Amino acid sequence: DSGVTQTPKHLITATGQRVTLRCSPRSGDLSVYWYQQSLDQGLQFLIQYYNGEERAKGNILERFSAQQFPDLHSELNLSSLELGDSALYFCASSPLLGAGGYTFGSGTRLTVV
Amino acid sequence: TQLLEQSPQFLSIQEGENLTVYCNSSSVFSSLQWYRQEPGEGPVLLVTVVTGGEVKKLKRLTFQFGDARKDSSLHITAAQPGDTGLYLCAGYYSGYSTLTFGKGTMLLVSP
């Protein structure tokens with residue numbers, strides 16, 4: 001157990017639907033990151049939050065949004081889902097900003113049918 | 001946009017063989033990390049290197065950071081099936097608050 005908890009582990013949904021992925025960071029970590037991983041693109045950075053504030057954005061689509069709550073857990077919302085959104089979504093956390101290693105969760109496997 | 005390249009993309013070897021995988025960038029890293037990811041799991045941090053020329057060892061794994069801090073290598077001695085996985089390098093570039101990940105080297109070690 002890495003200390004980063006992601007739910008659900010698997011999700012199957014239809015095109016056009018909306019889903020919410022949840023992440024609880026490791027205790028004491030203030031920074032949360034969301035990544036999308038597919039076979040051809042590797043780990044793609046989506047967005048970073050630090051202590052409740054958005055700090056960096058990567059290749060995140062406008063259909064996707066995220067937030068970090070006062071208790072530091074984070075949610076990634078994916079809407080108007082397309083077949084191409086099928087991927088593994090990882091959350092990671094770290095104690096610092098701009099330094100140190102990441103602790104990853106086990107991921108959510110999203111399948112859009 | 002910073003580009004971080006890893007090679008080879010895929011490596012299939014027999015148990016007991018040695019191997020080296022590489023990570024290269026056109027820009028200088030503030031620090032660099034190596035992760036291993038097993039199927040169905042998230043990446044796990046193996047090592048962080050900070051100083052140019054630095055060498056770190058983790059059992060049969062040897063990590064080297066280039067003198068100019070633009071490249072790194074991971075050498076595995078006497079590979080075992082348990083070493084199978086995706087090896088990712090990731091670096092911090094000056095002025096960026098997030099790690100940039102390479103696409104990884106997929107290593108398959110057969111008994």
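Note that the coordinates shown come from a computational prediction; the quantities given were computed from them, not determined experimentally.

Reading guide: rules and limits
Residues numbered from 1 in each chain as written. Chains lettered and ligands numbered in written order. Predicted model: local features only at pLDDT ≥ 70, side-chain atom pairs only at ≥ 80, totals over all residues. Heavy atoms only, no water. Disulfide = S-S within 2.5 Å. Helix = DSSP H or I, 4+ residues; strand = E, 2+ residues; numbered from the N terminus. Buried < 20%, exposed > 50% of the residue type's maximum accessible area, 1.4 Å probe, protein only. Pairing = 2+ DSSP bridges. Axes fitted to C-alpha atoms, helices over the stretch in contact; angles between N-to-C directions. Polar contact = N/O pair within 3.5 Å; in protein donor to acceptor, adjacent residues only side chain to side chain. Contact = heavy atoms within 4.5 Å. Phe/Tyr/Trp six-rings, centres within 6.5 Å; stacked < 30°, edge-to-face > 60°. Buried area = accessible area lost by both parts, 1.4 Å probe. Salt bridge = Lys/Arg side-chain N within 4 Å of Asp/Glu carboxyl O. Nonpolar A, V, L, I, M, F, W, Y, C, P; charged D, E, K, R; others polar.

(A) Fine view of the state of the cysteines. One pass over the full model with this rule turns up two disulfides over all chains. A disulfide bridge connects A:Cys23 with A:Cys91, and the sulfur atoms are separated by 1.8 Å. The sign of the S-S torsion, about -50°, decides the handedness of the disulfide formed by A:Cys23 and A:Cys91: left-handed. Of this pair, A:Cys23 sits in strand 3 (residues 19-24) while A:Cys91 sits in strand 9 (residues 87-94), and the two are 68 residues apart along the sequence. There is no split in this pair, since A:Cys23 and A:Cys91 are both buried. The side chain of B:Cys23 participates in a disulfide bridge whose partner is B:Cys89; the two sulfur atoms lie 2.0 Å from each other. Between B:Cys23 and B:Cys89 the sulfur-sulfur dihedral comes to about 75°; the bridge is accordingly right-handed. Linking B:Cys23 in strand 3 (residues 19-25) with B:Cys89 in strand 9 (residues 85-93), this pair joins segments that are 66 residues apart in sequence. Considered together, B:Cys23 and B:Cys89 belong to a single accessibility category, that of buried residues.

(B) Representation of the sheet that holds strand 1 (residues 4-7) of chain B. All names here are of chain B. Read from one edge of the open sheet, five strands run 1-3-8-7-6, paired in antiparallel fashion. Here the strands that pair on one side only, and so sit at the sheet edges, are strand 1 and strand 6 (55-58). Ignoring strand direction, the axes of neighbouring strands in this sheet form an average angle of 15°. In terms of strand pairing, strand 6 meets strand 7 (residues 61-65) through four bridges, oriented antiparallel. Looking at the pairing, Lys56 lines up with Phe63 of strand 7.

(C) Inspection of the side chain of A:Gln48 at higher detail. By the element assignment, A:Gln48 lies in strand 5 (residues 42-50). Only 3.0 Å separates the side chain of A:Gln48 from the side chain of A:Ser31, close enough to count as a polar contact. In contact with A:Gln48, other than residues within four places in its own chain, are A:Ser31, A:Val32, A:Tyr33, A:Glu53, A:Glu54, A:Arg55, A:Ala56, A:Leu97, B:Ser97 and B:Thr98.

(D) Fine view of the sheet that holds strand 7 (residues 64-68) of chain A. Residues and elements named next belong to chain A. Taken in spatial order, the four strands make up an open sheet running 1-3-8-7, and their pairing is antiparallel. Each of the sheet's edge strands pairs with one partner strand only, and the pair in question is strand 1 (5-7) and strand 7. Going across the sheet, the axis of each strand differs from the next one's by a mean of 15°, ignoring polarity. Sheet topology places strand 1 next to strand 3; three bridges connect them, and they run antiparallel. Following the sheet pairing, Thr7 is matched in strand 3 by Arg22.

(E) A look at the packing of aromatic side chains. Residue and element names in this part refer to chain A. In the structure shown here, the tally under the stated rule is 15 aromatic pairs over all chains. Judged by centre distance (5.9 Å) and plane angle (50°), the rings of Tyr35 and Phe104 are tilted. Taken together, the positions of Tyr35 in strand 4 (residues 31-38) and Phe104 in strand 10 (residues 103-104) put the pair 69 residues apart, joining distant regions of the chain. Note on Phe104: relative accessible area 4%, which makes it buried. Relative to Tyr89, the ring of Phe64 has its centre 6.5 Å away and its plane inclined at 70°; by these criteria the two rings are edge-to-face. Here Tyr89 lies in strand 9 and Phe64 lies in strand 7, a separation of 25 residues in the sequence.

(F) Local environment of the interface of chain B and chain A. On the chain A side, the residues contacting the 17 residues of chain B number 20 residues. Both faces considered, chain B and chain A share a buried interface measuring about 1,400 Å² in area, 53% of it formed by carbon and sulfur atoms. Our count for the chain B to chain A interface comes out at zero salt bridges. Those elements giving two or more residues to the side of chain B that touches chain A turn out to be strand 4 (29-37) and strand 9 of chain B. For the side of chain B that touches chain A, a count of residues per class yields nine nonpolar, six polar and two charged.

In short, shape yes, function no, at least from these values alone.
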